[in-house]
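Residues per chain are reported as follows:
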Amino acid sequence: MIKSALLATLAAALPVLAQAEVLTLSEPMAGGTLREGTVDMSVYTLPKGETASEVVAFYTERVGAEPLRLAMQLEDGDSTTFGLPGISGVSYRFERTAGVVTVTSAPTKTELALN
């Protein structure tokens, strides 16, 4: 009994690994949704010229908030990672490889530096 209580206590004390959510868009005009923390993001792709994809995303931090739009053009091999204005604790990575667009959301750790 003491052994199982000790194991339960140790398991609760282990750090929890942050999980990333991944959305893979393998065809033009494909779309999907990511949810990370309090942010919902809907993403779709459009063909752009012969070699690129336009990636369009609408995101909102909470229910009832006005969705905000972002758009970018990605060629094969392009990638970018960024946070959203006014929203802390999450970053997004957009990349295009062999015509497939992958969007990854991941929680970020915010640290306070004091002098």
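Up top you'll find the structure we're talking about.
Now for a look at the structure at hand. Quick caveat, the model's predicted, so the values are computed rather than measured. (Residues numbered from 1 in each chain as written. Predicted model: local features only at pLDDT ≥ 70, side-chain atom pairs only at ≥ 80, totals over all residues. Heavy atoms only, no water.)

**Examining the sheet that holds strand β8 (residues 100-107)**
Turning to step 1, where the next piece is worked out: The antiparallel open sheet is built from 4 strands, whose spatial order is β1-β8-β7-β6. Edge positions in the sheet fall to β1 (21-25) and β6 (79-82), since each of these pairs with one other strand and no more. On average, each strand axis in the sheet is inclined to that of its neighbour by 10°, with strand direction left out of account.
Turning to step 2, where the next piece is worked out: Here 4 bridges tie β6 to strand β7 (residues 90-97), and the two strands are oriented antiparallel to one another. Residue pairing for β7: T80 is matched across the bridge by F94. (Pairing = 2+ DSSP bridges. Helix = DSSP H or I, 4+ residues; strand = E, 2+ residues; numbered from the N terminus. Axes fitted to C-alpha atoms, helices over the stretch in contact; angles between N-to-C directions.)

**Structural notes on the nonpolar core**
Turning to step 1, where the next piece is worked out: Counting 20 residues, the largest nonpolar core has M41, V43, L70, L84, Y92 and F94 as the members making the most contacts within it.
Turning to step 2, where the next piece is worked out: Elements supplying a minimum of two residues to this core: β1, β3 (39-48), β4 (52-60), β5 (68-75), β7 and β8. (Core = buried A, V, L, I, M, F, W, Y, C linked by side-chain atoms within 4.5 Å. Buried < 20%, exposed > 50% of the residue type's maximum accessible area, 1.4 Å probe, protein only.)

**Examining the side chain of R96**
Turning to step 1, where the next piece is worked out: You can see R96 is positioned in strand β7.
Turning to step 2, where the next piece is worked out: Given the relative accessible area of 8%, R96 is considered buried.
Turning to step 3, where the next piece is worked out: Once residues lying within four places of it in the same chain are set aside, the contact partners of R96 are T51, A52, S53, L74, E75, D76, G77, D78 and V101. (Contact = heavy atoms within 4.5 Å.)

**Let's talk about the pattern of salt bridges**
Turning to step 1, where the next piece is worked out: In this structure the tally under the stated criterion is 3 salt bridges.
Turning to step 2, where the next piece is worked out: R35 is paired through a salt bridge with D40; the nearest N and O atoms lie 3.4 Å apart. (Salt bridge = Lys/Arg side-chain N within 4 Å of Asp/Glu carboxyl O.)

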